[in-house]
Amino acid sequence: MARRRARGRDINGILLLNKSAGFTSNGALQTAKRLLAGAKAGHTGSLDPLATGMLPLCFGEATKFSQFLLDADKTYEVKAQLGVSTETGDADGEVISQQPVTASAEEITQALLSFVGDIEQVPSMYSAIKHQGQPLYKLARAGKEVERKPRPVTIYRIEDIVVEGDELRFAVACSKGTYVRTLVEDVGAKLGCGAHVTGLHRTVVGPFADEPMYTMDELGAMKQEGGFEALDALVLPIDSAVRGWPAVHLGPDASYYIRQGQPVMAPDRPDSGWVRIYSEEENAFIGVGEVQDDGMIAPRRLLAAY
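Each chain has its residues counted from 1, running along the sequence as written. Reporting in this predicted model follows two pLDDT cut-offs: at least 70 for local features of residues, and 80 or more for side-chain atom pairs to be given and counted; totals over whole chains, interfaces and linings ignore these cut-offs and use all residues. Excluded from the side-chain calculation are hydrogens and water; included are all heavy atoms of the structure.

The helix and strand inventory of the protein stands at 7 helices and 16 strands. For the exposure calls, accessible area comes from a 1.4 Å probe over protein chains only, and a residue counts as buried if that area is under 20% of its type's maximum, exposed if over 50%, partly exposed in between. Residues counted as buried form 46% of the 306 residues belonging to the protein. Long-range contacts, defined as pairs at least 24 residues apart, comprise 66% of the intrachain contacts of the protein with a sequence gap of at least 6. Each accessible area is a Shrake-Rupley result for a 1.4 Å probe, and residues are judged covered by the shown protein chains and nothing else. Of the roughly 15,900 Å² of accessible surface on the protein, 47% is carried by carbon and sulfur atoms. In this description a helix means any DSSP run of H or I spanning at least four residues, a strand means any run of E spanning at least two, and both kinds are numbered starting from the N terminus. We call two residues in contact whenever any of their non-hydrogen atoms come within 4.5 Å of each other.

As structure tokens, then:
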């Protein structure tokens with residue numbers, strides 16, 4: 001039997017895309033995948049078409065670690081208009097109500113800051129959360145509304161607040177699952193005037209805060225000038241997705257056994273939690289594991305040989 005031809009290049013790592021407005025996250029992923037000719041790729045958390053900014057794309061073996069970025073904290077720069085509510089909570093939706101903005105800049109700031117901490121949000125009907133297998137936004141577009149239970153999220157910080165007339169700008173650092181549209185709508189409800197998001201730019205995803213990210217146009221220009229080699233130089237190592245975790249280093253025997261799926265002991269392990277695992281002999285990233293109650297490290301996500 002003839003061997004099946006590979007359907008792309010074997011790329012393993014993470015590319016930080018600066019998503020442009022108008023792209024869906026999956027559309028951006030597919031365009032980048034074609035640009036790099038990658039055999040396998042996935043993104044790490046959707047950004048609305050209106051939103052821009054950091055969208056980590058995982059290629060090859062890095063897709064095994066995408067969940068850790070999906071679950072990571074994130075930071076956004078937000079623009080909102082007070083006094084106008086829309087169907088979707090952002091500028092892409094139809095206006096459903098307009099109210100005068102009577103609050104002072106100080107009152108608006110205090111209303112916004114009151115959401116810092118552990119809060120509960122009721123997800124928008126225009127979110128991607130599924131109800132009986134259907135994304136809520138599809139039900140909403142069909143004119144259906146279903147009950148949504150409040151979900152716990154954490155707002156760590158709100159800073160760089162600017163109020164100019166009915167425009168509100170701020171930066172927010174938040175936990176996974178936070179809907180910035182819902183946050184803005186809740187602020188508008190608290191002020192009694194309504195509000196919606198007019199601009200959203202993601203600046204941080206988990207450990208990725210200071211690294212450069214690249215627009216599709218920039219990637220295209222780099223490829224034209226330097227080919228695949230120029231693009232491959234932008235791909236971050238797989239372990240960068242979990243670089244904030246403690247690292248353990250295993251000798252040859254322990255490296256062998258953990259690759260066989262068996263828990264092992266490591267002298268430099270923490271007492272609990274998840275760890276990055278490296279082979280001392282090869283100085284190579286093996287994967288991630290979790291420290292068990294007995295102190296042994298159980299493998300959780302391991303790299304295939306590549």
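Running from N to C, helix α1 (residues 25-36) and helix α6 (residues 216-232) point in directions that differ by 25 degrees, and their axes come no closer than 10 Å. Overall, the two elements α1 and α6 adopt an arrangement that is roughly parallel. Viewed along their axes, α1 and α6 form a crossing whose handedness is right-handed. Within the contact between the two elements, α1 uses Ala28, Thr31, Ala32, Arg34, Leu35 and Leu36 and α6 uses Met216, Leu219, Gly220, Lys223, Phe228 and Leu231. Fitting a line to C-alpha atoms yields each axis, with helices limited to the stretch in contact; the angle taken between N-to-C directions then spans 0 to 180 degrees. Working definition: roughly parallel below 35 degrees, roughly antiparallel above 145 degrees, roughly perpendicular at 65 to 115 degrees, and oblique for all remaining angles. Crossing handedness follows the turn of the near helix against the far one: under a right angle anticlockwise gives a left-handed crossing, and clockwise gives a right-handed one.

Moving on: unusual backbone geometry. Phi at Ala37 is positive, roughly 55 degrees, even though this residue is not glycine. Its place among the elements puts Ala37 in the loop between α1 and β2 (41-43). According to the relative accessible area criterion, Ala37 is partly exposed, its value standing at 24%.

So, on to the environment of Glu167. Following the sequence through the fold, Glu167 ends up in strand β11 (residues 167-174). Given the relative accessible area of 29%, Glu167 is considered partly exposed. With 28 residues separating them along the chain, Glu167 and Ala195 place their C-alpha atoms 9.5 Å apart. Not counting residues within four places of it along the chain, the set of residues in contact with Glu167 comprises Ala80 and Val162. Polar contacts, as used here, are pairs of N or O atoms within 3.5 Å; protein pairs need one atom able to donate a hydrogen and one able to accept it. Residues neighboring in sequence count only if both atoms are side-chain atoms. Among the polar contacts made by the side chain of Glu167, one reaches the side chain of Arg169 at a distance of 2.5 Å.

Attention now goes to α1. How far a helix is expected to stretch is found by multiplying one less than its residue total by 1.5 Å. The first and last C-alpha atoms of α1 sit 16 Å apart over 12 residues, in line with the 16 Å expected at 1.5 Å per residue. For α1, every residue scored as buried is listed here: Ser25, Ala28, Leu29, Ala32, Leu35 and Leu36. Taken down its axis, α1 places every buried residue within 125 degrees of arc, on the same side. Packed against the buried residues of α1 are β1 (13-19), β2, β3 (52-59) and α6. Phi turns positive, to about 55 degrees, at Ala37, one or two residues after α1. Along the arc lie the directions from the helix axis toward the C-beta atoms.

Moving on: the packing of helix α3 (residues 105-113) against helix α5 (residues 180-191). Running from N to C, α3 and α5 point in directions that differ by 130 degrees, and their axes come no closer than 9 Å. As judged from the angle between their axes, α3 and α5 are oblique. In this structure, α3 meets α5 at a crossing whose hand is right-handed. Taking contact as the criterion, the partners of Glu107, Ile108, Ala111 and Leu112 in α3 are, on α5, Val187, Lys190 and Leu191.

So, on to the side chain of Thr178. Tracing the backbone through its elements, the reader meets Thr178 in the loop between β11 and α5. Under the relative-accessibility criterion, Thr178 is labelled buried at 10%. Residues within four places of Thr178 in sequence aside, it is in contact with Gln121, Val153, Thr154 and Ile155.

When you line up the elements, Thr109 lands in helix α3. According to the relative accessible area criterion, Thr109 is buried, its value standing at 17%. Separated by 49 residues in the primary sequence, Thr109 and Ile158 place their C-alpha atoms 9.8 Å from one another. Sequence-distant contacts of Thr109, defined by excluding residues within four places in its chain, comprise Ile161 and Val163.

Time to look at the side chain of Glu211. Within the fold, Glu211 resides in the loop between β12 (195-205) and α6. Setting aside its immediate chain neighbours within four residues, Glu211 contacts Leu16, Leu236 and Arg243.

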